[in-house]
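# A closer look at the structure
Okay, here's what each chain looks like letter by letter:
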Amino acid sequence: MLAKVYSAAIIGVEAHLIEVEVDISQGLPGFTLVGLPQGAVKESKERLRAALKNAGFPFPTQKITVNLAPADLKKEGSAFDLPMAFALLAAAGIVPQEKVKRYLFFGELSLDGRLKPVSGVLPVALKAKREKLSLVCPAENVPEAALARDLPVLGASHLAEAVTGLGHEKVPAVSSVKSEEKGPDLAEVVGQEQAKRALEIAAAGGHNLLFIGPPGAGKTMLARRLPGLLPPLNHQEALETSQIYSVVGLLNRENPLVWQRPFRAPHHSISDAGLIGGGNPPRPGEISLAHNGVLFLDELPEFRRNTLETLREPLEAGEITIARAQLTVTYPARFLLLCAMNPCRCGYFGSKQRVCQCTPQEVRRYRHKLSGPLLDRIDLQVEVPAVDYDDLSLQRPGETTAQVRERVLAARKRQEKRLGSGRTNAQMGTKELKQFCSLKAKERALLDKAARKLNLSARAYYRLLKIARTIADLAGEEDIHAPHLLEALQYRVFDRLTW
Ligand SMILES: Nc1ncnc2c1ncn2[C@@H]1O[C@H](COP(=O)(O)OP(=O)(O)OP(=O)(O)O)[C@@H](O)[C@H]1O
Ligand SMILES: [Mg+2]
Ligand SMILES: [Zn+2]
């Protein structure tokens with residue numbers, strides 16, 4: 001008897017339909033598994049045998065052949081247990097073939113027949129919906145499957161329960177608890193007006209940002225307040241980001257939707273694969289976990305130079321492609337890059353509080369760890385000096401996150417009208433730059449004079465224009481005026497320093 005059921009394999013963050021075929025024929029008892037099974041999939045035979053027995057079903061004592069199709073796709077993970085069990089039951093005539101063909105099965109079995117939760121259920125559920133199939137998955141994964149909306153789901157905690165439940169699937173309710181926890185507030189940061197303004201501009205225009213300052217100046221404190229300034233994720237963005245977390249197995253089981261902007265702060269000792277994705281089987285890295293949010297690289301020069309170089313592709317393309325002999329995967333990775341660093345190894349170069357212990361060569365070497373091409377992609381570079389004690393105790397509270405965010409949202413609306421939905425000034429190409437950042441004669445003269453005096457590269461010049469555009473948008477102005485340009489000129493530490 002031959003039986004066929006549907007399952008799915010995840011490539012990148014996309015689910016692909018897999019057909020699990022089981023043939024039971026006369027001949028010497030045996031179990032053959034074909035179709036590029038990898039790792040855990042290869043070991044499914046023993047799990048299947050024990051799980052079926054413990055669910056009260058006989059394991060056929062004939063010749064069993066299991067085929068996973070298409071054959072050219074590697075099948076990873078343990079979620080093929082459940083479809084294989086159903087294909088076996090159908091081939092053995094225990095469950096009618098007619099009944100199983102409307103479903104996509106996805107789940108791991110333990111030896112006692114229980115269904116164990118798996119990662120990747122969200123992209124699989126979305127695939128099932130597109131294919132007009134119902135989903136059979138572990139009960140613990142049902143809240144995640146529910147995010148696909150309007151998809152009939154049968155969640156079961158045991159194989160026996162899944163068998164008797166066929167035909168009784170229903171559309172699960174989406175849990176929509178958005179916990180009230182807010183991120184830290186900008187008002188808690190005393191002083192640092194320029195750095196706060198830079199956060200506002202970065203949030204408004206989607207500009208990458210670098211803070212440079214001595215230890216304890218509040219760089220990390222400021223950085224953590226950036227996600228709160230960004231507009232809330234829309235439904236599409238939330239689903240995109242949630243799918244990445246699903247594949248990595250980082251979703252909250254009860255409340256799976258990622259609805260807050262991610263803030264990822266990997267340590268500088270991170271491997272290339274950990275940062276940009278990779279490994280075997282390939283997994284999304286931190287840059288993809290930061291998709292639609294913020295990637296914070298604290299102590300930037302401590303990261304290996306090669307590691308930082310790998311960021312260039314995703315910074316340009318908003319995604320990362322990892323090519324392997326057998327398989328090429330692409331992960332989304334559109335993030336705002338936020339970096340912090342000390343001005344030198346000891347941290348006090350240029351500081352009023354303490355004397356820098358570094359030689360000029362050491363200072364130069366420290367900064368040279370950052371490659372020009374990476375710095376070119378960081379529009380805003382801002383010095384964060386230490387706040388002295390009097391300022392900390394005397395200054396009145398500044399604006400709250402909510403107040404600043406209102407201006408950010410208004411500025412984003414202006415950009416979307418000009419550039420299209422979801423796009424920001426930071427993403428403008430040369431054509432758009434020419435079209436939307438044209439200057440009047442007086443402003444042009446001002447900028448040209450500054451460019452000559454400061455010996456700005458063409459790239460630095462365009463960065464400046466983009467920042468000025470965002471500053472004008474924050475001010476609600478259609479034209480870029482002199483004050484916008486003059487403010488933009490302040491955010492370019494590395495163009496000013498010559499070394
Ligand atoms: N402007 C500020 N307002 C209020 N508190 C501050 C400010 N600056 C620093 N602090 C306090 O000092 C602590 C250290 O700040 P933070 O860790 O952000 O410094 P940093 O610039 O990241 O230093 P490092 O270079 O050592 O990483 C903060 O947790 C905060 O309590
Ligand atoms: Mg810090
Ligand atoms: Zn120093």
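This one's a predicted model, so the numbers in the text were calculated from it and none came from an experiment.

Definitions and cut-offs
Residues numbered from 1 in each chain as written. Chains lettered and ligands numbered in written order. Predicted model: local features only at pLDDT ≥ 70, side-chain atom pairs only at ≥ 80, totals over all residues. Helix = DSSP H or I, 4+ residues; strand = E, 2+ residues; numbered from the N terminus. Contact = placed C-beta atoms within 7 Å. Buried ≥ 20, exposed ≤ 12 C-beta atoms within 10 Å, placed from the backbone. Pairing = 2+ DSSP bridges. Core = buried A, V, L, I, M, F, W, Y, C linked by C-beta atoms within 7 Å. Domains from an automatic or database assignment. Near = placed C-beta within 6 Å. Nonpolar A, V, L, I, M, F, W, Y, C, P; charged D, E, K, R; others polar.

## Thoughts on the overall build of the protein chain
Within the protein chain, the secondary structure is distributed over 23 helices and 16 strands. Considering only C-alpha atoms, the protein chain reaches an extent of 85 × 45 × 45 Å along its principal axes. The contacts in the protein chain between residues at least 6 apart in sequence include a share of 72% that link residues at least 24 apart.

## Description of the pairing of strand S15 (residues 336-341)
In terms of residue burial, S15 counts as a mostly covered element, since six of its six residues are buried. Of the two faces of S15, the one carrying Leu-336, Leu-338 and Ala-340 and the one carrying Leu-337, Cys-339 and Met-341 are both buried. Where strand S12 (residues 294-297) meets S15, four bridges bridge the pair, whose relative direction is parallel. The residue of S15 that forms the bridge with Val-294 is Leu-336.

## Things to note about the nonpolar core
Across soluble globular proteins, you tend to see nonpolar side chains buried next to one another. The biggest cluster of nonpolar side chains holds 133 residues, and the ones touching the most others in it are Ala-85 and Phe-106. Looking at this core, the element that brings in the most residues is helix H3 (residues 81-91), giving nine residues. Both of domain 1 (2-165) and domain 2 (186-420) provide at least three residues apiece to this core. Residues contacting Ala-85, with those up to four places away along its chain left out, are Leu-48, Ala-51, Leu-52, Leu-109 and Leu-159.

## Considerations on the site of ligand 1
In the vicinity of ligand 1 there are 15 residues, among which Pro-215, Gly-218, Lys-219, Thr-220 and Met-221 approach most closely. Broken down by element, the residue count for the shell around ligand 1 peaks at three residues, all from helix H9 (residues 219-223). When grouped by side-chain class, the residues that make up the shell around ligand 1 number seven nonpolar, seven polar and one charged.

## A word on the domain arrangement of the protein chain
By domain assignment, the protein chain separates into domain 1 (2-165) and domain 2 (186-420). Once you take the C-alpha centre of each, domain 1 and domain 2 turn out to be 41 Å apart. Every contact between the two is made by 15 residues of domain 1 and, on the other side, 21 residues of domain 2. Elements with a contribution of two residues or more to the side of domain 1 that touches domain 2: strand S1 (2-11), helix H5 (121-130) and helix H6 (142-146). It is H5 that provides the largest number of residues to the side of domain 1 that touches domain 2, a total of three residues. For the side of domain 1 that touches domain 2, the residue count by class is eight nonpolar, three polar and four charged.

## Digging into the pairing of strand S2 (residues 14-25)
Sheet analysis places S1 next to S2, joined by ten bridges and oriented antiparallel. Note that in S2 the partner of Ile-11 across the bridge is Glu-14. From the end of S1 to the start of S2, which pair antiparallel, there are two residues, and Gly-12 there has a positive phi angle of about 70°. Where S2 lies against strand S4 (residues 63-69), seven bridges are found, and the strand directions are antiparallel. Bridging from a neighbouring strand, Asp-23 pairs with Thr-65 of S4.

## Some words on the environment of Leu-486
You can see Leu-486 is positioned in helix H22 (residues 482-488). The exposure class assigned to Leu-486 is partly exposed, which follows from the 14 C-beta atoms found within 10 Å. In this structure the C-alpha to C-alpha distance between Leu-486 and Ala-468, which are 18 residues apart in sequence, comes to 8.3 Å.

## Remarks on unusual backbone geometry
Cis geometry is found at the peptide bond from Ala-69 to Pro-70, where omega equals 0°. Along the chain, Pro-70 turns up in the loop between S4 and H3. Cis rather than trans, the peptide bond between Asn-280 and Pro-281 has omega equal to -5°. With respect to the helices and strands, the residue Pro-281 is situated in the loop between helix H11 (272-276) and helix H12 (286-289). At Glu-299, a residue that is not glycine, the phi angle is positive and equals roughly 55°.

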